[in-house]
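Residue-level structure breakdown
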Amino acid sequence: MNSNLFSVDYFKEALHLQIKKNEDVHTPIQTMNSYYHTVISAIIQDRINKNFELIRRIRNLDTAYNEVKAEIKQQQQVQH
């Protein structure tokens, strides 16, 4: 398995990509929430036997989500 797969940077890039893809339809936070819930659902349904790997993926997704959300809030403050 690629060590960068499911890293914080991986999830941040994926979140930014989803935001860009959906910018005409949803707010960035709505898009992030949708992506977050989709990934969590997929992880839960995945038959991962290693609890550590599951926790690592969820922790990295959570970190990426919070970092991108902070970026968006900062951008919104600069715009106002």
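Look up a bit, the structure's there.
Reading guide: rules and limits
- All residue numbers here refer to positions counted from 1 along the written sequence of the relevant chain.
- The model is predicted, so local features are restricted to residues of pLDDT at least 70 and side-chain atom pairs to those at 80 or more, both for listing and for counting; the totals for chains, interfaces and linings are taken over all residues.
- Side-chain measures were taken over the full set of non-hydrogen atoms in the model, leaving aside hydrogen atoms and water.
- Only runs of H or I of at least four residues qualify as helices and only runs of E of at least two qualify as strands under DSSP, and these elements are numbered from the N terminus.
- Using a 1.4 Å probe on the protein chains alone, a residue whose accessible area is under 20% of its type maximum counts as buried, one over 50% counts as exposed, and one in between counts as partly exposed.
- In this analysis, two residues are considered to be in contact whenever any of their non-hydrogen atoms come within 4.5 Å of each other.
- The method behind every accessible area is Shrake-Rupley, applied with a 1.4 Å probe, and residues are considered shielded solely by the protein chains displayed.
- Note on definitions: salt bridges are taken to be side-chain nitrogens of Lys or Arg within 4 Å of carboxyl oxygens of Asp or Glu.
- Here the axes come from fitting lines to C-alpha atoms, over the contacting stretch only for helices, and the angles between their N-to-C directions go from 0 to 180 degrees.
- Orientation labels follow simple angle bins: below 35 degrees gives roughly parallel, above 145 gives roughly antiparallel, 65 to 115 gives roughly perpendicular, and whatever is left gives oblique.
- Each residue is assigned to one class: nonpolar for Ala, Val, Leu, Ile, Met, Phe, Trp, Tyr, Cys and Pro, charged for Asp, Glu, Lys and Arg, and polar for all the others, Gly among them.
- Here a pair means two rings of Phe, Tyr or Trp (six-membered ring of Trp) with centres within 6.5 Å. Their orientation is stacked below 30 degrees between planes, edge-to-face above 60, and tilted elsewhere.
- Take the far helix as your reference; a near helix turned counterclockwise from it by less than a right angle gives a left-handed crossing, and one turned clockwise gives a right-handed crossing.

In terms of regular secondary structure, the protein chain is built from 3 helices and 0 strands. Summarising its shape, the C-alpha atoms of the protein chain cover approximately 45 × 20 × 15 Å along the three principal directions. The burial tally for the protein chain puts 29% of its 80 residues in the buried class. Counting contacts in the protein chain only where the partners sit at least 6 residues apart, residues at least 24 apart contribute 69% of the total. Of the roughly 6000 Å² of accessible surface on the protein chain, a fraction of 49% belongs to carbon and sulfur atoms.

Across all of its chains, the model carries 4 salt bridges by this definition. Glutamate 71 is paired through a salt bridge with lysine 12; the nearest N and O atoms lie 3.6 Å apart. Here glutamate 71, found in helix α3 (residues 51–79), pairs with lysine 12, found in helix α1 (residues 8–21); they are 59 residues apart in sequence, far enough to count as distant. Glutamate 71 gets classed as partly exposed once you look at its relative accessible area, which sits at 25%. When salt bridges that share partners are traced, they join Lys12, Glu67 and Glu71 into one network.

It is at 11 Å that the axes of helix α2 (residues 28–45) and α3 come closest, and there the two elements cross at 180 degrees. Taken together, α2 and α3 sit at an angle that is classed as roughly antiparallel. Residues Pro28, Ile29, Met32, Asn33, Tyr35, Tyr36, Val39, Ile40 and Ile43 of α2 form the contact with α3, whose own contacting residues are Leu54, Arg57, Ile58, Leu61, Asp62, Tyr65, Val68, Lys69 and Ile72. For the contact of α2 with α3, the residue count by class is 14 nonpolar, 1 polar and 3 charged.

Here we come to the packing of aromatic side chains. Here the structure, examined in full by the defined rule, presents 4 aromatic pairs. With centroids separated by 5.3 Å and ring planes inclined at 75 degrees, the aromatic side chains of tyrosine 10 and phenylalanine 11 adopt a geometry described as edge-to-face. Accessibility expressed as a relative area gives 33% for tyrosine 10, which makes it partly exposed. On the accessibility criterion, phenylalanine 11 (1% relative accessible area) is buried. Put simply, the rings of Phe6, Tyr10 and Phe11 pair up and form one aromatic cluster.

Moving on, we come to the packing of α1 against α3. α3 packs onto α1 with a crossing angle of 50 degrees between their chain directions and a minimal axis gap of 8 Å. One way to sum up the angle between α1 and α3 is to call them oblique. Along this stretch, α1 crosses α3, giving a crossing that reads as right-handed. Residues Val8, Phe11, Lys12, Leu15, His16 and Ile19 of α1 pack against Arg57, Asn60, Leu61, Thr63, Ala64, Tyr65, Glu67, Val68, Glu71 and Ile72 of α3. Residues of the contact of α1 with α3, tallied by class, amount to 9 nonpolar, 3 polar and 4 charged.

Fair warning: the whole summary comes from geometry, so function is off the table for now.
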